[in-house]
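# Structural overview
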Amino acid sequence: MSDDAADPLKLIALDADDLAIVSAHLQDAVLKAADIVYLPREKRFALALRRFDWEGAQRGQRRRRLTALHFDRVQSVRSAKLDKNDPDKVLNLLAVTFDLGEEPAGDVTLHFSEGAAIRLSVECIEAQMKDLGPVWEAVATPGHPDGA
């Protein structure tokens, strides 16, 4: 029996609409500060996440999978409410948004729980999300209080 939800997902984002789809798939992904890297010379920002498989959840499966997300053409990176001295603190990704500047440039913001955020100033949106392989049973389905 084939399990479509177990097939690796690979998405490319080249505009705000594409980025919204990536954001939906990454909602409630967890990672640690140690899983984030910025390579200024390569203009690349990358992170490894453990995303919740929302497609599988629609079929009653609770799973997480290891996923990579990277952005190219990154000019600078700023963060707020992130403790760089605690690389093992677990971060919960809530959304990825884009604010247009001088077209096609702008700011991509990764919004985390507890008000933490990472803002990438980009020449344009050029991102890729790719499942890396391992799939495991999740302890619970992420939930949000009303209005969150």
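Here's what I pulled together on the structure shown here. (Residues numbered from 1 in each chain as written. Predicted model: local features only at pLDDT ≥ 70, side-chain atom pairs only at ≥ 80, totals over all residues. Heavy atoms only, no water.)

### Digging into the pairing of strand β5 (residues 63-71)
Put simply, the test is: Relative accessibility under 20% of the residue-type maximum defines a buried residue, over 50% an exposed one, and the middle range a partly exposed one, all with a 1.4 Å probe and only protein chains included. Secondary structure elements follow DSSP: runs of H or I of four or more residues count as helices, runs of E of two or more count as strands, with numbering from the N terminus. Paired strands, as defined in this entry, are two strands with at least two bridges between them according to DSSP.
By the criterion of burial, β5 is predominantly enclosed, with seven of the nine residues buried. Strand direction decides the pairing type here: strand β4 (residues 44-52) and β5, joined by eight bridges, are antiparallel. Directly across from A46, in β5, lies its bridge partner H70. Both β5 and strand β10 (residues 127-137) contribute to a ladder of eight bridges, which runs antiparallel. Looking at the pairing, F71 lines up with A127 of β10.

### Thoughts on the packing of aromatic side chains
Test applied: Here is the rule: rings of Phe, Tyr and Trp (six-membered ring for Trp) pair when centre to centre is within 6.5 Å. Planes less than 30 degrees apart are stacked, more than 60 are edge-to-face, and the remainder are tilted.
By the definition in use, this model includes one aromatic pair. Plain terms: the ring middles of F52 and W54 are 4.7 Å apart, the flat faces sit at 65 degrees to each other, and that makes the pair edge-to-face. Relative accessible area serves as the criterion here: at 0%, F52 is assigned to the buried category. You can call W54 partly exposed: its relative accessible area is 26%.

### Brief notes about the environment of A34
Tracing the sequence through the fold places A34 in the loop between β2 (29-32) and β3 (36-39). For A34, a relative accessible area of 54% corresponds to the exposed category. A34 sits 99 residues away from G133 along the chain, and the two C-alpha atoms are 20 Å apart.

Limitation: the analysis is restricted to geometry and does not speak to function.
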